[in-house]
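What follows is the residue order along each chain.
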2 protein chains.
Amino acid sequence: MKSILLNMRSLYNEMGPGERKIADRLIANPKAILPLSITEFATEIGCGDATVVRFAKRLGVGGYQGLKLAVAQEISTLSDENAQISKSDSCYDMFVKRIGEIKVALENTASVLDENSLEAAAKAIMHSKRIVIFGLGNSASIAVDAQHKFLRVGLNASACNDNHMQAIISSHLDEDCVAIGITHSGQSTDIVQALKIAKLNSATTICITNYGESPITKVSDICLFTKSAETKHSILAMSSRIAQLTIFDCLYTYIIANSDSKAIQAIHNTESALKDKKL
Amino acid sequence: MKSILLNMRSLYNEMGPGERKIADRLIANPKAILPLSITEFATEIGCGDATVVRFAKRLGVGGYQGLKLAVAQEISTLSDENAQISKSDSCYDMFVKRIGEIKVALENTASVLDENSLEAAAKAIMHSKRIVIFGLGNSASIAVDAQHKFLRVGLNASACNDNHMQAIISSHLDEDCVAIGITHSGQSTDIVQALKIAKLNSATTICITNYGESPITKVSDICLFTKSAETKHSILAMSSRIAQLTIFDCLYTYIIANSDSKAIQAIHNTESALKDKKL
DNA sequence: GAGAAAAACGAAAAATTTTTTCATTTTTTA
DNA sequence: TAAAAAATGAAAAAATTTTTCGTTTTTCTC
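From a predicted model like this one, the values you see are computed outputs, not experimental measurements. (Residues numbered from 1 in each chain as written. Chains lettered and ligands numbered in written order. Predicted model: local features only at pLDDT ≥ 70, side-chain atom pairs only at ≥ 80, totals over all residues. Heavy atoms only, no water.)

**Comments concerning the nonpolar core**
Membership of the largest hydrophobic core comes to 90 residues, with the highest contact counts inside it found for A:Phe150 and B:Phe150. The contact partners of A:Phe150, leaving out residues within four places of it in the chain, are A:Ile125, A:Ile131, A:Ile133, A:Leu155, A:Ala157, A:Ile180, A:Phe248 and A:Ile255. In terms of nonpolar packing, the next biggest core, distinct from the first, is built from 56 residues, A:Leu34, A:Ala70, B:Ile33 and B:Leu69 among them. (Core = buried A, V, L, I, M, F, W, Y, C linked by side-chain atoms within 4.5 Å. Buried < 20%, exposed > 50% of the residue type's maximum accessible area, 1.4 Å probe, protein only. Contact = heavy atoms within 4.5 Å.)

**Quick look at the sheet that holds strand E3 (residues 177-182) of chain B**
All names here are of chain B. With parallel pairing, five strands are arranged side by side in an open sheet as E2-E1-E3-E4-E5. Looking at the sheet topology across the chains shown, the edges are occupied by strand E2 (157-160) and strand E5 (222-226). Ignoring which end each strand starts from, the neighbouring axes of this sheet average 15° apart. Sheet topology places strand E4 (residues 204-210) next to E5; five bridges connect them, and they run parallel. Bridge pairing links Thr 209 to Phe 225 in E5. Sheet contacts for helix H7 (residues 115-126): strand E1 (130-134), E3, E4 and E5; angle to E5, the most-contacted strand, approximately 125°. In the packing of helix H8 (residues 140-152) onto the sheet, contacts are made with E1, E2 and E3, and the angle to E2 comes to roughly 170°. (Pairing = 2+ DSSP bridges. Helix = DSSP H or I, 4+ residues; strand = E, 2+ residues; numbered from the N terminus. Axes fitted to C-alpha atoms, helices over the stretch in contact; angles between N-to-C directions.)

**Structural notes on unusual backbone geometry**
Within the chain, A:Ser202 stands out as a residue other than glycine whose phi angle is a positive 70°. With respect to the secondary-structure elements, A:Ser202 resides in the loop between helix H10 (189-200) and strand E4 (204-210).

**Digging into the interface of chain B and chain A**
Taken residue by residue, the interface counts 71 residues in chain B and 72 residues in chain A. Across the interface of chain B and chain A, roughly 6,600 Å² is buried in total on both sides, 68% from carbon and sulfur atoms. The interface formed by chain B and chain A holds five salt bridges in total. In this structure, A:Asp145 engages B:Arg241 in a salt bridge whose closest nitrogen and oxygen atoms are separated by 2.1 Å. The tally of links between chain B and chain A comes to 11 residue pairs in polar contact (both at pLDDT 80 or more). At 15 residues, the largest contribution of residues to the side of chain B that touches chain A is made by helix H12 (residues 238-257) of chain B. Looking at the side of chain B that touches chain A, its residues break down into 35 nonpolar, 18 polar and 18 charged. (Buried area = accessible area lost by both parts, 1.4 Å probe. Salt bridge = Lys/Arg side-chain N within 4 Å of Asp/Glu carboxyl O. Polar contact = N/O pair within 3.5 Å; in protein donor to acceptor, adjacent residues only side chain to side chain. Nonpolar A, V, L, I, M, F, W, Y, C, P; charged D, E, K, R; others polar.)

**Some points on the packing of helix H2 (residues 17-28) of chain A against helix H3 (residues 38-45) of chain A**
Think of two packed helices as two axes; the pair is described by the angle between the axes and how far apart they sit. All names here are of chain A. In the contact formed by H2 and H3, the axes pass within 10 Å of each other and the chain directions differ by 100°. For the element pair H2 / H3, the angle class is roughly perpendicular. Where H2 approaches H3, its residues Lys 21, Ile 22, Arg 25 and Leu 26 are matched on the opposing element by Phe 41, Glu 44 and Ile 45. Within the contact of H2 with H3, the residues separate by chemical class into four nonpolar, no polar and three charged. (Parallel < 35°, antiparallel > 145°, perpendicular 65-115°, else oblique.)

**A look at the protein's contact with DNA strand C**
Around DNA strand C, the surrounding shell holds 21 residues, and the nearest of these are A:Ile38, A:Lys57, A:Gln65, B:Gly18 and B:Thr51. When the atoms of DNA strand C within 4 Å of the protein are grouped by moiety, sugar and phosphate amount to 70% of the total. A distance of 3.0 Å separates a phosphate oxygen of DNA strand C from a polar backbone atom of A:Tyr64. Contact distances for DNA strand C include 3.2 Å between a phosphate oxygen and a backbone N or O atom of B:Pro17. (Near = heavy atom within 4 Å.)

**Side note on the confidence of the model for chain A**
Of all residues in chain A, 86% attain a pLDDT of 70 or more, and the chain-wide mean is 85. The element-level mean pLDDT for chain A is lowest in helix H13 (residues 261-275) of chain A, coming to 66, with strand E1 (residues 130-134) of chain A highest at 97. (pLDDT = per-residue confidence, 0-100.)

**A few points about the pattern of salt bridges**
The tally for this structure, following the rule as stated, stands at 23 salt bridges over all chains. The partner of B:Lys103 in a salt bridge is A:Glu107, with the nearest N and O atoms 2.7 Å apart. Taken together, the positions of B:Lys103 in helix H6 (residues 91-112) and A:Glu107 in helix H6 (residues 91-112) put the pair across two chains. For B:Lys103, a relative accessible area of 9% corresponds to the buried category.

**Quick word on the sheet that holds strand E3 (residues 177-182) of chain A**
Residue and element names in this part refer to chain A. On the basis of which strands lie adjacent, the open sheet formed by five strands has the order E2-E1-E3-E4-E5 and parallel pairing. For this open sheet the edge positions go to strand E2 (157-160) and strand E5 (222-226), each flanked by a neighbour on one side alone. Each neighbouring strand pair of the sheet contributes to a mean axis angle of 15°, computed without reference to strand direction. Here five bridges tie E3 to E4, and the two strands are oriented parallel to one another. Across the sheet, residue Gly 181 finds its bridge partner in E4, namely Cys 207. In this fold helix H8 (residues 140-152) packs onto E1, E2 and E3, with an angle of close to 170° to the strand it touches most, E2. On top of the sheet, H10 reaches E1, E3 and E4; it is set at about 165° to E3, its chief contact.

**Quick look at the packing of helix H9 (residues 163-171) of chain A against H10(A)**
All names here are of chain A. Packing of H9 against H10 brings their axes to within 8 Å, and their N-to-C directions diverge by 10°. With respect to H10, the element H9 is oriented roughly parallel. Residues Asn 163, Gln 166, Ala 167, Ser 170 and Ser 171 of H9 form the contact with H10, whose own contacting residues are Asp 190, Ile 191, Ala 194, Ile 197 and Ala 198. Residue classes in the contact of H9 with H10 are distributed as five nonpolar, four polar and one charged.

Laid out in structure tokens, this is it:
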């Protein structure tokens with residue numbers, strides 16, 4: 001089944017201003033529509049009932065009720081019990097609550113992640129001569145993880161967590177290379193700079209960032225969006241990082257699935273190379 | 001929010017024959033109701049519209065539309081659980097299926113993770129003079145991530161991904177230190193060796209590993225277990241690694257919540273130190 | 001086992017909600 | 001700048017849901 005929220009994004013360009021307001025609202029707060037009648041919802045948005053119906057038809061869900069049902073199916077029932085982690089929680093309580101946050105973030109990410117962009121990113125990575133992955137601070141470990149994965153499938157990947165080196169590396173890329181920048185906020189100066197340089201040198205640039213316009217999206221050929229609701233204690237944006245990891249994981253899985261036997265062999269070689277490291 | 005299907009079962013005894021027929025049908029095939037109007041559904045069941053409405057009210061979902069919405073929300077969570085990733089999947093399909101795996105792994109981990117061990121680990125880490133975190137290969141990035149977190153709360157943490165250095169570092173620990181070893185299989189020779197040395201030097205040893213007895217559990221004072229079902233393509237044990245990350249995340253969160261104002265200040269300092277790195 | 005009370009039920013009326021129609025406004029194009 | 005096209009909302013029309021109320025079925029009491 002296709003995600004209704006994703007569908008909304010891909011049809012966004014065809015919509016008029018009124019329908020876009022509806023799409024914006026639904027993407028921002030999908031579950032708010034559920035208890036409302038079409039007239040209530042239209043009033044809330046500031047448009048007529050007919051526009052809502054047209055919007056629903058465009059998405060191919062029949063009508064207003066179909067829209068509500070589609071949205072309902074997309075929202076996890078867990079998203080409501082968004083229990084806030086509190087000081088008095090036991091460590092285990094925190095674990096359980098964090099699980100809830102992660103689930104929500106992953107599902108939200110599934111709804112904003114663009115199918116075509118994902119496919120394009122996977123193909124660009126597979127066929128590139130060289131892949132460089134930039135992350136700093138929080139995102140550094142994600143970059144390292146991605147490097148690790150790509151190396152396992154025999155790709156020429158390297159992560160770089162040093163802002164000087166990032167700029168240097170970027171300036172030596174060419175059109176057969178891929179540069180991947182990871183920044184949750186989309187505003188990390190150094191990462192944006194590194195991708196900008198990479199783009200100037202005709203490399204394919206890919207960003208992994210939280211949903212929305214930001215400096216990084218402007219210098220990226222392909223944007224892969226995560227979506228996580230930040231809360232007070234998630235300064236580290238844990239759930240968005242999990243979403244980032246999962247994106248890399250599915251790129252990796254896709255590359256394995258679409259590789260020739262040589263690549264599969266490379267994976268097996270890796271496995272056997274590691275065998276004697278175990279007791 | 002409570003499960004509507006479970007609620008149906010618990011109210012089953014209070015229902016008359018007509019309503020029970022509705023419950024039976026919904027439990028057997030919940031999604032069949034979604035495209036039907038109340039009259040169509042009632043005809044299908046063989047009862048009147050009013051009975052359907054009464055049934056919905058009993059469940060506390062307002063009316064027929066509320067019933068449909070509640071069912072819709074419930075089937076979404078059940079739908080994509082046991083899907084195996086296949087070669088022909090799109091990259092997006094893979095993402096969605098991977099999400100399902102991760103959810104299961106996190107829930108399983110919640111069930112095997114020992115509350116007391118978690119608490120003990122958090123306390124040991126908080127009060128230690130020095131924390132060293134060992135990971136190799138796959139687990140290296142987890143170790144780096146953990147280091148990053150602990151540094152943010154002002155702890156003296158260092159990750160080490162070099163097996164020689166791990167042994168050297170371990171041999172210089174003492175009873176005020178904590179050594180954390182990460183290995184999914186629990187069999188990584190070097191990690192086990194490093195923890196063994198740490199233990200000999202009276203450091204507190206903590207392992208993060210998949211559920212079950214293994215060499216690493218024998219040399220660990222505290223064992224934190226994850227539990228993930230491995231499948232063919234998850235050579236990289238993606239979901240178990242997410243579980244590992246989540247464990248570290250809740251340790252981190254717990255430490256923040258139970259720190260004095262000095263530690264909180266350390267976090268704020270980190271934040272402001274990073275501010276000018278953004279555009 | 002009969003009769004009364006209670007509960008369950010459905011047909012149809014009433015109320016609500018959704019959808020369509022169509023005239024108006026806004027935007028685009030030539 | 002004017003004509004064409006697109007977008008939109010108010011209101012009418014259609015569809016759907018909910019309530020009412022009388023009938024049927026079940027349960028309980030004697």
